[in-house]
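Now for the letters of each chain:
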Amino acid sequence: MRAGRSGSVVVLAGALALGALAAPAAEAANTGVRVSNLVLNQGKPIVVGTTAEVTAESTFHVTAPSGIKVDDVSAFPLLYHDTTPAKAVNSGGIYSGSTVCGENAKRPGDCRGVLSIDPRSRLDSNNDATTWKIAVWVRAWDAKGRFKGEEFPTGFGTVQIKRAAKATVNASPEPVAKGKKLTVTGNATRADWVKHTYTGIGGKTATLQFRKAGTRDYVTVKKVTADSAGRLKTTVTASVDGYWRWTFGANSTTGGATSTADYVDVR
């Protein structure tokens, strides 16, 4: 179960059958392995929906002490909150994926990995849309294959895990007479990790935008606040053919979204 220069290790998320992975507590010890230059998901938030697995790439460097080869070290970025890294390995942490060190790297010890987040198995509360701390789960063996120990170095910063959002739009009537009122509706929703569906974002402020047919850029028409169920509605005066859409930005717990455009023929 080691990540070497020419191989990778895949670790399943959550509470594993840890018999093959976890050493007895009496054997746990500092490994002397140093981890540096860790970058997760290019420093960007990780936005997760309701069903699809989301992956986040990581890069970091591993330096092994005398008597241990990089080939004999496994290192996995580990996300945790409201607990400790050691406890997060067994419950609540996110560390699924794979790590490969040295393969096609500029120097020995350069590692790259993939962190996988399945919302159905790893995110069971909407409170998981928060700031997660980043640690590394390090395990090491000596040249004879004897387990040397494990540790959980920290201090690699944080990452936001956010609920994915969606926006929809409908402009009617279609077609519409020039100078008449056009009603533009839509919905602002976000992932609910408990119900595994998208639910309305009550009170969300969205921007209605318009792009004239034959042009490339959208312009802001007005801002509208969604009702308690996330429904958006407003009226505008039809003047020329073009495309209507709703858009809103991200906040600390939820990603931003832009609807597809609805074309309206003005006659």
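Residues numbered from 1 in each chain as written. Predicted model: local features only at pLDDT ≥ 70, side-chain atom pairs only at ≥ 80, totals over all residues. Heavy atoms only, no water.

1. A short note on the nonpolar core
Judged by nonpolar contacts, the single largest core of 32 residues is most densely connected at Leu 79 and Ile 161. Among the elements of the structure, strand S2 (34-40), strand S3 (46-48), strand S4 (54-63), strand S5 (73-80), strand S7 (110-117), strand S8 (131-141) and strand S10 (158-163) are those that each provide at least two residues to this core. In terms of residue count, the dominant contributor to this core is S8 (five residues). Setting aside anything within four residues of it in sequence, one finds Ile 161 in contact with Ile 46, Val 48, Leu 79, Ile 94, Ile 117, Leu 123, Asp 128, Ala 129, Thr 130, Trp 132 and Trp 193. If you look at the next biggest cluster of nonpolar residues, it comprises 23 residues, including Val 169, Val 184, Leu 208 and Trp 246. (Core = buried A, V, L, I, M, F, W, Y, C linked by side-chain atoms within 4.5 Å. Buried < 20%, exposed > 50% of the residue type's maximum accessible area, 1.4 Å probe, protein only. Helix = DSSP H or I, 4+ residues; strand = E, 2+ residues; numbered from the N terminus. Contact = heavy atoms within 4.5 Å.)

2. Section: the side chain of Lys 162
Tracing the sequence through the fold places Lys 162 in strand S10. Although Lys 162 is buried, it forms no salt bridge, and the closest oppositely charged side chain is Asp 128 at an N-O distance of 16 Å. Polar contacts involving the side chain of Lys 162 include one to the main-chain carbonyl oxygen of Asn 251, which spans 2.8 Å. In this structure Lys 162 touches Pro 45, Ile 46, Val 47, Val 48, Trp 193, Ala 250, Asn 251, Ser 252, Thr 253, Thr 254 and Gly 255, once residues within four positions along its chain are discounted. (Lys, Arg positive; Asp, Glu negative; His and termini not counted. Salt bridge = Lys/Arg side-chain N within 4 Å of Asp/Glu carboxyl O. Polar contact = N/O pair within 3.5 Å; in protein donor to acceptor, adjacent residues only side chain to side chain.)

3. Quick word on the confidence of the model for the chain
The pLDDT averaged across the chain works out to 87; a share of 87% of its residues lies at or above 70. Segment residues 1-28: pLDDT under 50, and 72 contacts once partners within four positions in sequence are set aside and those in other chains are kept. (pLDDT = per-residue confidence, 0-100.)

4. Description of the state of the cysteines
Here a disulfide denotes a covalent bond joining the sulfur atom of one cysteine to the sulfur atom of another. The final tally for this structure, using the stated rule, is one disulfide. Paired by a disulfide, Cys 101 and Cys 111 hold their sulfur atoms 2.0 Å apart. The sign of the S-S torsion, about 105°, decides the handedness of the disulfide formed by Cys 101 and Cys 111: right-handed. With a gap of ten residues between them, Cys 101 in strand S6 (residues 97-101) and Cys 111 in strand S7 connect regions that are remote in the sequence. (Disulfide = S-S within 2.5 Å.)

5. What to know about the pairing of strand S15 (residues 219-225)
As judged from the six bridges shared by strand S14 (residues 205-212) and S15, these two strands associate in the antiparallel manner. Residue pairing for S15: Gln 209 is matched across the bridge by Thr 220. Between S14 and the antiparallel strand that follows it, S15, lie six residues; Gly 214 among them carries a positive phi value of about 90°. (Pairing = 2+ DSSP bridges.)

6. Some points on the packing of aromatic side chains
With the rule as written, the count across this model stands at six aromatic pairs. With a centroid separation of 6.4 Å and 15° between ring planes, the pair formed by Trp 137 and Phe 152 is classed as stacked. With Trp 137 in strand S8 and Phe 152 in the loop between strand S9 (147-151) and S10, this pair connects stretches of sequence that are 15 residues apart. The class for Trp 137 is buried, based on a relative accessible area of 2%. By way of ring pairs, the aromatic residues Phe 76, Tyr 95, Trp 137 and Phe 152 are connected into one cluster. The side chain of Lys 166 reaches across the aromatic face of Tyr 198, ending 4.2 Å from its centre. Directly above the aromatic system of Tyr 243 lies the positively charged group of Arg 211, at a separation of 4.3 Å from the ring centroid. (Phe/Tyr/Trp six-rings, centres within 6.5 Å; stacked < 30°, edge-to-face > 60°. Lys NZ or Arg CZ within 6 Å of the ring centre and 35° of its normal.)

7. Brief notes about the pairing of strand S13 (residues 197-200)
Across four bridges, the pairing between strand S12 (residues 181-192) and S13 is antiparallel. Bridging from a neighbouring strand, Asp 192 pairs with Thr 197 of S13. Here S12 folds back onto S13 in antiparallel fashion, the turn holding four residues, of which His 196 has a positive phi close to 60°.

8. Overview of unusual backbone geometry
Following Ser 172, the chain continues into Pro 173 via a peptide bond in cis, with omega recorded as 5°. Within the fold, Pro 173 resides in the loop between strand S11 (165-172) and S12. In this structure, the amide linkage connecting Glu 174 to the following residue, Pro 175, adopts the cis form with an omega of -5°. You can see Pro 175 is positioned in the loop between S11 and S12. The backbone phi angle of Asn 41 is positive, close to 55°, even though this residue is not glycine. By the element assignment, Asn 41 lies in the loop between S2 and S3. The residue His 196 is not glycine, and still its phi comes out positive at about 60°.

9. Here we look at the pattern of salt bridges
Following the criterion strictly, the structure yields four salt bridges and no others. Arg 139 is the partner of Glu 150 in a salt bridge, and the nearest nitrogen-oxygen pair spans 2.7 Å. Of this pair, Glu 150 sits in strand S9 while Arg 139 sits in strand S8, and the two are eleven residues apart along the sequence. Here Arg 267 makes a salt bridge to Asp 265, at a shortest N to O gap of 2.9 Å. Take Arg 267: its relative accessible area is 64%, and that puts it in the exposed class. A relative accessible area of 24% means that Asp 265 is categorised as partly exposed.

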